[in-house]
Amino acid sequence: MTRMSRARVARRIAAGAAYGGGGVGLAGAAVVGLVLAEVRLAKRQVGNGALPHVPNADGLYGHPYTTSGEPPLLLTLLGDSTAAGQGVHRAGQTPGALLASGLAAVAERPVRLRNVALPGAQSDDLERQVGLVLADQARVPDICVIMIGANDVTHRMPPTRSVRCLSTAVRRLRTAGAEVVVGTCPDLGTIEPVQQPLRWLARRASRQLAAAQTIGTVEQGGRTVSLGDLLGPEFAANPRELFGPDNYHPSAEGYATAAMAVLPTVCAALGLWPAEEERPDATRREGFLPVARAAAEAASEAGTEVAAALPTGPRGPWALLKRRRRRRVPEADLDTVDTGSTGT
């Protein structure tokens, strides 16, 4: 599918989500049914998570930056097993801990992490998760990171409903005063046991949903980062290294690489990224685009950020597309991550 075609499909899904439609399919019901059967088979083959419990990474990060009278930044993760960090052994290996440590280093300020993500969650669980996050109006997060979508595809949730649930969650969090960054639907075509041609179909369905998620999120004032194949080009090239022991969830290094893709956008949303990095770089094909086209571009390249730019233009709202620099984190470096102190 071309990016222009993906942009058209994304617009249709997003429009259906906004106006209550539900009849737009990702790749057709029969096709998605085949993908579902294949992914379920893959889950049985890999065990869908060798570890029964997700490490609890909640707590305070960046202790050396503690300053009297300055409260820590509040970071909250919402979503599914990817946001929760299923598949790793230690709390410091989860994406929440990695993001909290990185944000504390950039801000030179402690960061308190809370993770309400639920392994296996679909987008309709975001209503419950947001309710937990906003239960205490005195502790609204400074920044929320949402990672959701894979289970929507495998469980055949209508994409318009999926995007509607996500858009509502982003709107509630933004209205409460939190910045929001969404890691869009990962590429299910990277799950190693899924065979062709269903691997291609899974990739197509995932990217269509990711593009529609971007439109819905940006229209509600959030930013997105394309997780794509979760980790950039090196994920497909190094599946044994970047998948976890179950070959389904990311490894510790995989989560670290994904966190490094999301961290610059988290910092930018809080005004912490260098000003020169905020200007679009034409040499890296960055710039202002109609939001649907920007969404389609981002869905094709992991680590690409889309943020609202202009409320209207010749073809509707426009967005800024950024290809922020990412780096891969060696396994040896993971032991240096500040593991935080648990508790509230």
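A short tour of the structure in this document, coming up. This structure is a prediction, so every number in the text was calculated from the model and none was measured.

1. Here's the deal with the nonpolar core
Membership of the largest hydrophobic core comes to 33 residues, with the highest contact counts inside it found for Leu75, Leu99, Leu103, Val145, Val181 and Val262. Broken down by secondary-structure element, the contributors of at least two residues to this core are β2 (73-79), α3 (81-84), α4 (95-107), β3 (111-115), β4 (143-147) and α11 (252-269). The element contributing the most residues to this core is α11, with ten residues. Contacts of leucine 103, omitting those with residues within four sequence positions, involve Leu73, Glu108, Val111, Ile143, Leu263, Val266, Cys267, Leu270 and Leu272. Residues Val130, Ile148, Leu166 and Leu173 belong to the second largest nonpolar core, which totals 18 residues.

2. Examining unusual backbone geometry
In this structure, glutamate 108 takes a positive phi of about 50° despite not being glycine. Summarising the element assignment, glutamate 108 is placed in the loop between α4 and β3. We classify glutamate 108 as exposed; its relative accessible area is 55%. In the Ramachandran plot, arginine 156 falls in the positive-phi region, its phi being about 60° despite a non-glycine side chain. Relative to the helices and strands, arginine 156 resides in the loop between α6 (150-154) and α7 (159-176).

3. Examining the sheet that holds β2
Across the sheet, which stays open at both edges, the nine strands sit in the order β1-β3-β2-β4-β5-β6-β8-β9-β7 with mixed pairing between neighbours. Single-partner strands in this sheet number two, and they are β1 (59-61) and β7 (287-290). Each strand axis lies, on average, 25° off the axis of its neighbour in the sheet, ignoring direction. The pairing of β7 with strand β9 (residues 318-323) spans four bridges and is antiparallel. Its bridge partner being in β9, leucine 289 is matched across the sheet by alanine 319. Strands β2, β4 and β5 (179-183) of the sheet are contacted by α7, whose axis makes an angle of about 155° with β5.

What counts, and at which threshold
Residues numbered from 1 in each chain as written. Predicted model: local features only at pLDDT ≥ 70, side-chain atom pairs only at ≥ 80, totals over all residues. Heavy atoms only, no water. Core = buried A, V, L, I, M, F, W, Y, C linked by side-chain atoms within 4.5 Å. Buried < 20%, exposed > 50% of the residue type's maximum accessible area, 1.4 Å probe, protein only. Helix = DSSP H or I, 4+ residues; strand = E, 2+ residues; numbered from the N terminus. Contact = heavy atoms within 4.5 Å. Pairing = 2+ DSSP bridges. Axes fitted to C-alpha atoms, helices over the stretch in contact; angles between N-to-C directions.

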